[in-house]
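For reference, the chains in residue letters:
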Amino acid sequence: MKQLWLALLSALSLSFAGSALADTSSLKPYQAGDWKAITKAANGEPLAIHFWGVTCPACVKEMPQWGQFLKANPNAKVVFIQVDDVSTENILKMLNKAGLEKVNSYYVVAPFDERLRYEIDPKWYGETPTTILIDKNGKATRKTGLVDFQKLSIALKAKS
Amino acid sequence: MILNIRSFARLLLINTLYIGVLSVAELAQAQMDHSSSKASSMPAKPSNTCQGFGLECATAATPFFAPDGKLLLAWTANGVVSVAQSVDLGKTLAAAVQIAEHGKSLDAGSDARPQITADKQGNIFLAYAFFKDTNWNAQINTTRSTDGGKSFTSPETLVKDGSSQRFPSVLIKPDNSIFITWIDKRLVAIAKQGGEKRLGGSIAYSSSQDGGKTFETERFANENSCECCRIGGSLDPQGNPVVAYRAIFPRGIRDQATQVIIAKRAEPIRRVADDDWKTDACPHHGPSIAISGSGKFHVAWYTQGSKRSGVFYANSANQGVTYSKPSRVGADGTSVARPYLLAMGQQVWLVWKEFDGSKSSVYLKESKDDGNTWSTPKLLASTAGYSDHPLLLSRGNQAFLSWLTRDDGYQLLSVGQKQ
């Protein structure tokens, strides 16, 4: 019985993640178990997952640069995960302001604690902003602090 | 099993709703503008979060023992700040008093917690922060009770300033005055107005001689600090507050500092360790300080510096002028976090949290010789669900661990005694 549910659940998660990279402006809930689906959805293409918070000044400062980056690199695969406990309205407002209203975005439903972070990176303590880059071989590199967008654009070139 | 069914049903619901939202969004793709982002701005809020304002839904709970031995507990849950009392060491709580409701504007970040203290007459003082505007500028509100916690004054702002004040930290001094310190962003705001690129905040402080009714004009201890980490505070044997915090040193290095605050003056900034953490990020992970009977400063902190990374402990026998070589807390490679210290006489207790992939555990180690030697770590408690930081406090000669957990309730455990 339990196995059946798990199978059903993973099927649903896959469909969830399969459409996750579609260019929609939806802000989706992120919770325990979602990490695998999000990272798998890149289909072997390099992917950046950017963790940010609306109450984090360094993040707020950097978000418009992410907007410019995606404008210049429309094919770059980037997922945004907002980790502060704030209203979705406020998250969307900041995304809009940064020109990121159409990106693939999530917000955490429960506190972004050690349990949520463990499947992402057990050695990460949740500093924001943090960007995790997953290369085409699935190797993850975590970078805390502001991003070097020039390096990022090279890393995210799909067919390199 | 029942839990599994329920959580599965919730996930199913979320996925179904999500797919629903997506197809609406896809239909509206041709006119992907504000209207569609509005439609998708209301994803069904998954209901796996605790919904109430009670302690069972709290994300942070702060304890304080009133002079009569009663436990005062302040907590934040779903945007509401509440206080309740316990006469049986936290086993049962009297009816909670709701102090304020700020919804999603309450500062419920992982290093934020309501502050509570009481003076010798049993007057209670509370401070907390919330975001006052859409630019995420915070405000610290304070409230008092002069009837033993039955009722509280309506919350008032601590300072009159348009910029941001966050992360209050409160101490009650032996002379019954209240010391409060916080992260203040007015200097950063002024610098920005002048076109200067500046991140971080400042360590501000003030005192009240009338139970928190009025406060002296605020002063700055350090103009350059991290803007998103709690400040640790402890009283030295003379009753002077000593603060520990993540300072910003030249080149944007965010390492720990301590500072003694003597009668309206802040002593020099003392660096705890040269960790060399150059970052603009928000670690949400402030230090802890405890001062023992000899006046020794005991500090524990988290860093990701180039010279060391993890949770560390060091002490200083000369008011912070020099610190001992930092020693690692917990095993290297494990996720050690949230250190907290308590000292009484020559004894020092240090707790922290570890997560092993399925449960969070609180460990304790103890020193009986003022931090020179330490016992091996001892497991105090574990929980599978959400948990707050472990905190330590004393009542008389007894030391307690205070730990709020979602699955196993609020725990107040005796961890030792002053010898």
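What you are looking at is a predicted structure, and each value in this text was computed from that prediction instead of being measured.

**Q** An account of the overall build of chain A is needed here, citing residue identities and associated values.
**A** Check the secondary structure of chain A and you find six helices and six strands. Ordered by position from N to C terminus, the α and β elements of chain A give α-β-α-β-α-β-α-β-α-β-β-α. Counting across all 160 residues of chain A, residues that qualify as buried make up 46%. Put simply, 72% of the contacts in chain A that link residues at least 6 apart link residues at least 24 apart.

**Q** Describe the nonpolar core, naming the residues involved and giving the relevant values.
**A** Residue and element names in this part refer to chain B. Ranked by internal contacts, the top residues of the largest apolar core, which has 143 residues, are Leu 72, Leu 341, Val 351 and Leu 392. Considering each element in turn, this core owes the most residues, eight residues, to strand E6 (residues 124–131). When residues no more than four places from it in sequence are discounted, the contact partners of Val 351 are Tyr 340, Val 362, Tyr 363, Leu 364, Leu 380, Pro 390, Leu 392 and Leu 401.

**Q** Any chance you could break down the sheet that holds strand E5 (residues 115–118) of chain B for me, citing the residues and the numbers?
**A** All names here are of chain B. If you walk across this open sheet you meet the four strands as E5-E6-E7-E8, and the pairing is antiparallel. Each edge of the sheet is formed by a strand with only one pairing partner; in this case those strands are E5 and strand E8 (156–157). With eight bridges joining them, E6 and strand E7 (residues 138–145) adopt antiparallel strand pairing. Directly across from Ala 129, in E7, lies its bridge partner Ile 140.

**Q** Any details on the environment of Gln 347 of chain B? Residues and values, ideally.
**A** Residues and elements named next belong to chain B. Along the chain, the position of Gln 347 falls in strand E23 (residues 347–355). With 69 residues separating them along the chain, Gln 347 and Gly 416 place their C-alpha atoms 9.6 Å apart. Contacts of Gln 347, omitting those with residues within four sequence positions, involve Glu 366, Ser 367, Lys 368, Lys 418 and Gln 419.

**Q** An account of unusual backbone geometry is needed here, citing residue identities and associated values.
**A** The linkage connecting Thr 128 of chain A with the following residue, Pro 129 of chain A, adopts the cis geometry, with an omega of -5°. Take Pro 129 of chain A: it is sitting in the loop between helix H5 (114–118) and strand E5 (130–134). Within the chain, Asp 370 of chain B stands out as a residue other than glycine whose phi angle is a positive 65°. Note on placement: Asp 370 of chain B falls in the loop between strand E24 (360–367) and strand E25 (378–383).

**Q** Before we move on, can you summarise the sheet that holds strand E21 (residues 327–328) of chain B with the specific residues and values?
**A** All names here are of chain B. Strand order in this open sheet of four strands is E18-E19-E20-E21, and the pairing throughout is antiparallel. Every other strand in the sheet has two partners, leaving strand E18 (288–291) and E21 as the edge strands with one partner each. In this sheet, strand E20 (residues 309–316) lies alongside strand E19 (residues 297–304) in antiparallel orientation, the contact comprising eight bridges. The residue of E20 that forms the bridge with Trp 301 is Phe 312.

**Q** How would you explain the confidence of the model for chain A if you had to name every residue and give the values?
**A** Mean pLDDT over chain A stands at 85; residues scoring 70 or higher make up 82%. Note that residues 6–24 of chain A has pLDDT below 50 and, in this model, 25 contacts with residues that lie over four places away or in other chains.

**Q** A description of helix H3 (residues 57–72) of chain A should follow, citing residues and the corresponding values.
**A** All names here are of chain A. Its 16 residues give H3 an end-to-end C-alpha distance of 24 Å, which sits within 8% of 22 Å, the value for a rise of 1.5 Å per residue. Of all the bends found along H3, the most pronounced is centred on Met 63 and spans about 30°, while Pro 64, a proline, follows it within four residues. Residues Pro 57, Ala 58, Cys 59, Glu 62, Met 63, Trp 66 and Phe 69 constitute the buried set of H3. On its buried face, H3 sits against strand E2 (47–52), helix H4 (88–97) and helix H6 (149–155).

**Q** Describe H4 of chain A, and please don't skip the residues or the numbers.
**A** Residue and element names in this part refer to chain A. What H4 keeps buried is the set Ile 91, Leu 92, Met 94 and Leu 95. One side of H4 holds all its buried residues, which, seen down the axis, span an arc of 165°. Directly after H4, the chain includes Gly 99, whose backbone phi takes a positive value near 75°.

**Q** Break down the environment of Val 103 of chain A for me, with residues and values.
**A** All names here are of chain A. Topologically, Val 103 is positioned in the loop between H4 and strand E4 (104–108). A tally of 19 C-beta atoms within 10 Å means that Val 103 is categorised as partly exposed. Residues Val 103 and Val 86, spaced 17 residues apart in sequence, show a C-alpha to C-alpha distance of 19 Å. Residues contacting Val 103, with those up to four places away along its chain left out, are Leu 70, Val 78 and Phe 80.

**Q** Just give me the short version of the environment of Phe 312 of chain B, but keep the residues and values in it.
**A** Residues and elements named next belong to chain B. For Phe 312, the position within the fold is in strand E20. C-alpha of Phe 312 to C-alpha of Ala 300: the two residues are twelve residues apart in sequence and 5.5 Å apart in space. Once residues within four sequence positions are removed from consideration, Phe 312 is found in contact with Ala 273, Ala 300, Trp 301, Thr 303, Pro 326, Ser 327, Arg 328 and Val 329.

About the cut-offs
- Residues numbered from 1 in each chain as written.
- Chains lettered and ligands numbered in written order.
- Predicted model: local features only at pLDDT ≥ 70, side-chain atom pairs only at ≥ 80, totals over all residues.
- Helix = DSSP H or I, 4+ residues; strand = E, 2+ residues; numbered from the N terminus.
- Buried ≥ 20, exposed ≤ 12 C-beta atoms within 10 Å, placed from the backbone.
- Contact = placed C-beta atoms within 7 Å.
- Core = buried A, V, L, I, M, F, W, Y, C linked by C-beta atoms within 7 Å.
- Pairing = 2+ DSSP bridges.
- pLDDT = per-residue confidence, 0-100.
- Expected span 1.5 Å × (residues − 1).
- Bend = angle between axes of the 7 residues up to and from the residue.
- Arc of directions from axis to C-beta.

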